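Reading the structure
Spelled out from the first residue to the last, the chains are:
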Amino acid sequence: MIHLFKRTRVAAADTVAPPAAPAPDLQAAIGSIGKQASSMGKEAAEVRGQIEDTQKASGRQVQTLAVLAGQVRQITKSQDEISGFSHGSLAAVGRARSVVEDIGHEVASVVTSLKQVAQAAGTITQIALQTRLVAFNASVEAKRAGDAGRGFGVVADAVKDLAAKVESSSKDIMGTVAELDGRIAALARDIARQDGEVQTAAFHKALADVEASVGSITAAAEQSRSICGALNAQMASAEAETAQTVSTLDATLRRSEVFLQISESLIELVAECGIDSEDTPYIRAATEGAAQIGQLLEDAVRTATISTADLFDENYRPIRGTNPPQHTTRFVDLADRLFPQVQERVLGLSDKVVFCIAVDRNGFVATHNKKYCHPQRGDLAWDSANSRYRRIFNDRTGLASGRNTRPFLLQTYRRDMGGGQFVVMKEASAPITVNGRHWGGLRLAFKF
């Protein structure tokens, strides 16, 4: 932890002997140490900020790589499914070819049956011809018999006409069967397939084209699957390396914190020596401001303006529709009335002062400096910079300032000003106590 200034608060009536002034040479040496410590703190804060930026970028890369790896795995899974479907399609085409060949055999049987029908129709035609000849002879004999054969002649003529019709129908059947036989024979030839022969029939050519296309899809899927497999391995390696980088950055960030703490401790040690430095006015203003706000809060409790329970309310209720999120508590109205008189006065201490705010132990800012207390507009960048009240700043600096119970705390950090602009600042903070109970701290940030 940071070594803090060991000075304690005393009542105004108490007298404390001032520390003996160091010898001039020693005073110059200590002052030089203070300046160098301040310079080191600034550089450490810059380095720490850059490491944090790199750490965040690496974290985002890890997340991106994880998403990409998941997508590649999904692609690989899809390629496996495509490959499975393709093999299934090839098998289906093979089954279709087999079924069609079976149909070809059945068609050949139909051709044989049609030939038998044609033969039967030919036989019927021959019988019809013979019947016509018999009927013609019977008609001649009936005419010779005169009146006695007239009835028999009528029957003979009817048989002759019927035989002519049967002959005509048989010839039609034979013609139709012959045409159908030709068509079915052609179909049978198209369906039939001989092993080793080049298929020129439209049906088998279409099946061959389908098989070739499905085969190409299968080959492409296998190639893509192989590529995805290699990519999976590379992604896993990249994820591991990036995770290792993040781990290294975490360790580096912790080590950079040590350098920052050393610089802050050196500055505080210089203050202990009783030598005024460039930070002394801000430290003094922070401690005095914290004492004043503590007194205002004690007066409010004494006069029953607010209860102790309400003053220490940590039930932060979100304000709907705010981004960055804002909250409210039971002491915000009191803070709006009391804090500005101290905060605005300390803000005017120097043009180097960036802000002066009172925060509770959890980094909650009930009311900020007036220039940062604008209502939100719905523009995240603008709101983040100009609507800073009713917000919880629980980062490293904010929590350390709010929870510090030593006489003062000096920190160095890099602040994001938006638009990729950063500024390294120092912050002097002092604890705010109410009737002996730690409420929070006064944060006074100033530029180098």
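Think of each chain on its own: its residues are numbered from 1, step by step along the sequence as written. For this predicted model, a pLDDT threshold of at least 70 governs which residues receive local features, and a threshold of 80 or more governs which side-chain atom pairs are given and counted, while totals over whole chains, interfaces and linings are taken from all residues. The side-chain numbers reported here are obtained from all heavy atoms of the structure, hydrogens and water having been left aside.

Attention now goes to the overall build of the protein chain. In DSSP terms, a helix is any run of H or I states spanning at least four residues, a strand is any run of E spanning at least two, and both are numbered starting from the N terminus. Broken down by element type, the protein chain carries 8 helices and 8 strands. Accessibility here uses a 1.4 Å probe with only protein chains present; expressed as a share of the type maximum, an area under 20% marks a residue as buried, one over 50% as exposed, and anything in between as partly exposed. Residues counted as buried form 36% of the 448 residues belonging to the protein chain. Long-range pairs, those at least 24 residues apart, make up 70% of the contacts in the protein chain between residues at least 6 apart in sequence. Roughly 25,400 Å² of accessible area belongs to the protein chain as shown, and the carbon and sulfur atoms make up 57% of that amount. Residues are treated as being in contact if the distance between any of their heavy atoms lies within 4.5 Å. For accessible areas, the Shrake-Rupley method is used with a probe of radius 1.4 Å. Any residue's cover is judged against the shown protein chains and nothing else.

Below, the discussion takes up the environment of Ile319. Take Ile319: it is sitting in the loop between strand S1 (317-318) and strand S2 (327-328). Accessibility expressed as a relative area gives 31% for Ile319, which makes it partly exposed. Excluding anything up to four places from it in sequence, Ile319 contacts Gln326, His327, Thr328 and Arg390.

Note on geometry: axes are C-alpha line fits, over the in-contact stretch for helices, and angles between N-to-C directions span 0 to 180 degrees. Their axes nearest at 10 Å, the elements helix H4 (residues 280-302) and helix H6 (residues 332-347) cross at an angle of 160 degrees. The angle between H4 and H6 falls in the class roughly antiparallel. The two elements H4 and H6 meet at a crossing, and its hand is right-handed. Residues Ala285, Gly289, Gln292, Ile293, Leu296, Leu297 and Ala300 of H4 form the contact with H6, whose participating residues are Leu334, Leu338, Phe339, Gln341, Val342, Arg345 and Val346. Throughout, the ten residues Ala, Val, Leu, Ile, Met, Phe, Trp, Tyr, Cys and Pro are labelled nonpolar, Asp, Glu, Lys and Arg are labelled charged, and all others, Gly among them, are labelled polar. Broken down by class, the residue content of the contact of H4 with H6 amounts to 10 nonpolar, 3 polar and 1 charged. Comment on the angle field: the value is read as roughly parallel under 35 degrees, roughly antiparallel over 145, roughly perpendicular from 65 to 115, and oblique elsewhere. We call a crossing left-handed when the near helix sits turned anticlockwise from the far one by less than a right angle, and right-handed when that turn is clockwise.

We now examine the packing of aromatic side chains. Only centres within 6.5 Å qualify two rings of Phe, Tyr or Trp (six-membered ring in Trp) as a pair; their planes then separate them into stacked at under 30 degrees, edge-to-face at over 60, and tilted for everything else. This structure, assessed with the given rule, holds 5 aromatic pairs. Summarising the aromatic geometry, the rings of Tyr316 and Phe364 are spaced 5.2 Å apart at their centres and angled 45 degrees between planes, so their arrangement reads as tilted. Of this pair, Tyr316 sits in the loop between helix H5 (308-311) and S1 while Phe364 sits in strand S4 (residues 364-365), placing them 48 residues apart in sequence. Side by side, Tyr316 and Phe364 carry an identical accessibility label, which is buried. Judged by centre distance (5.6 Å) and plane angle (75 degrees), the ring pair of Phe331 and Trp439 falls under edge-to-face.

This part covers the nonpolar core. Ranked by internal contacts, the top residues of the largest apolar core, which has 37 residues, are Ile293, Leu297, Leu311, Phe339, Ile432, Trp439 and Leu444. Counting residues per element, the ones that place at least two in this core are H4, H6, strand S3 (353-360), strand S7 (421-434) and strand S8 (437-447). Of all the elements, H4 adds the most residues to this core, at 9 residues. Among residues more than four places away in sequence, those in contact with Leu297 are Leu311, Leu334, Leu338, Phe339, Ile432, Val434 and Trp439. To form a nonpolar core, buried Ala, Val, Leu, Ile, Met, Phe, Trp, Tyr and Cys residues must be joined to one another through side-chain atoms within 4.5 Å. Counting 10 residues, the second-largest nonpolar core is a separate cluster that includes Val354, Phe355, Tyr372 and Met425.

Okay, unusual backbone geometry next. The omega torsion across Asn323 and Pro324 is 5 degrees, close enough to zero to call that bond cis. Its place among the elements puts Pro324 in the loop between S1 and S2. The phi angle at Arg390 is positive, at roughly 60 degrees, despite the residue not being glycine. Assignment of secondary structure puts Arg390 in the loop between helix H7 (380-386) and strand S5 (391-392). Here Arg390 falls in the buried class, since its relative accessible area comes to 12%. Positive phi, close to 55 degrees, is recorded for Asn435, a residue that is not glycine. Its location among the elements puts Asn435 in the loop between S7 and S8. With relative accessibility at 55%, the residue Asn435 sits in the exposed group.

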